[in-house]
Amino acid sequence: MPDATTPPLILIIDDEPELEVMARYLELEGYSVLTASNGEEGLLALASCRKPCIVLLDLMMPVMDGYGFLRRLHDDATLCGLPVFVLTASFQTERMAGVVGLLRKPLHMELLLEAVAPYCPCTPPGEKENSTAG
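Quick look at the pattern of salt bridges now. Using the criterion set out here, one finds three salt bridges in the structure. One salt bridge in this structure joins Lys 105 and Asp 14, with 3.0 Å as the shortest N-O distance. Linking Lys 105 in the loop between strand E5 (99–104) and helix H4 (109–116) with Asp 14 in the loop between strand E1 (9–13) and helix H1 (19–28), this pair joins segments that are 91 residues apart in sequence. A relative accessible area of 2% places Asp 14 in the buried class. Among the ionic pairs, Arg 24 bridges to Glu 27, the shortest N-O distance being 3.9 Å. Pair noted here: Arg 24 and Glu 27 are both in helix H1, with a separation of three residues, about one helical turn. Each of Asp 14, Asp 58 and Lys 105 takes part in one network of salt bridges that share partners.

Structure representation (structure tokens):
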């Protein structure tokens, strides 16, 4: 388990160019971010890093789409409880196993932070020095 100085890790799986903007925004807010451009890369990332606090997942991607990623995640006993937020431009409303929420594209960064915060508590970079005062 990471210590108090290790920023929470977020895995973003998306093939859109905006992925880098989203990742940079979350990093500026104090999170560590790992990115993958499809579900297969996402599974490889999960196998090679510490467990993220949440996965932000696009549904429509090449190689392995978000649905395939969710099936594989659900079948893995060590990962099946990992919270996933779906990122989508569609208006689909069906609930999927393991999905804790849905964010519509284009994303509003304030809504992204609000969605992530309950799963990934983070001290903003400018407040770290003050957080030790009791």
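Below, the discussion takes up the pairing of E1. Of all five residues in E1, five are buried, a share of seventy percent or more. What you see with E1 is no split at all: Leu 9, Leu 11 and Ile 13 on one side and Ile 10 and Ile 12 on the other are buried throughout. Relative to strand E2 (residues 32–36), E1 is paired through five bridges, and the arrangement is parallel. The residue bridging Leu 11 from the neighbouring strand is Leu 34, located in E2. In this fold, the crossover linking E1 to E2 by way of H1 has right-handed handedness. Bridge analysis of E1 against strand E3 (residues 54–58) gives four bridges, and the strand direction is parallel.

The rules behind each value
- Note on numbering: residues in each chain are counted from 1, in written sequence order.
- pLDDT decides what is reported in this predicted model: residues at 70 or higher carry local features, side-chain atom pairs at 80 or more are listed and counted, and totals for whole chains, interfaces and linings draw on all residues regardless.
- Processing note: side-chain calculations cover all non-hydrogen atoms of the structure and skip hydrogens and water entirely.
- Take a side-chain nitrogen of Lys or Arg and a carboxyl oxygen of Asp or Glu: if they are within 4 Å of each other, that pair is a salt bridge.
- Secondary structure elements are taken from DSSP: a helix is a run of H or I of four residues or more, a strand is a run of E of two residues or more, and numbering for both begins at the N terminus.
- Summary of the burial criterion: residues with accessible area below 20% of their type's maximum are buried, those above 50% are exposed, and those between are partly exposed, where the area comes from a 1.4 Å probe applied to protein chains only.
- Should DSSP find at least two bridges between two strands, the strands are regarded as paired.
- Handedness of a crossover: with both strands directed away from the viewer, a clockwise path from the first strand across the helix to the second marks it as right-handed.

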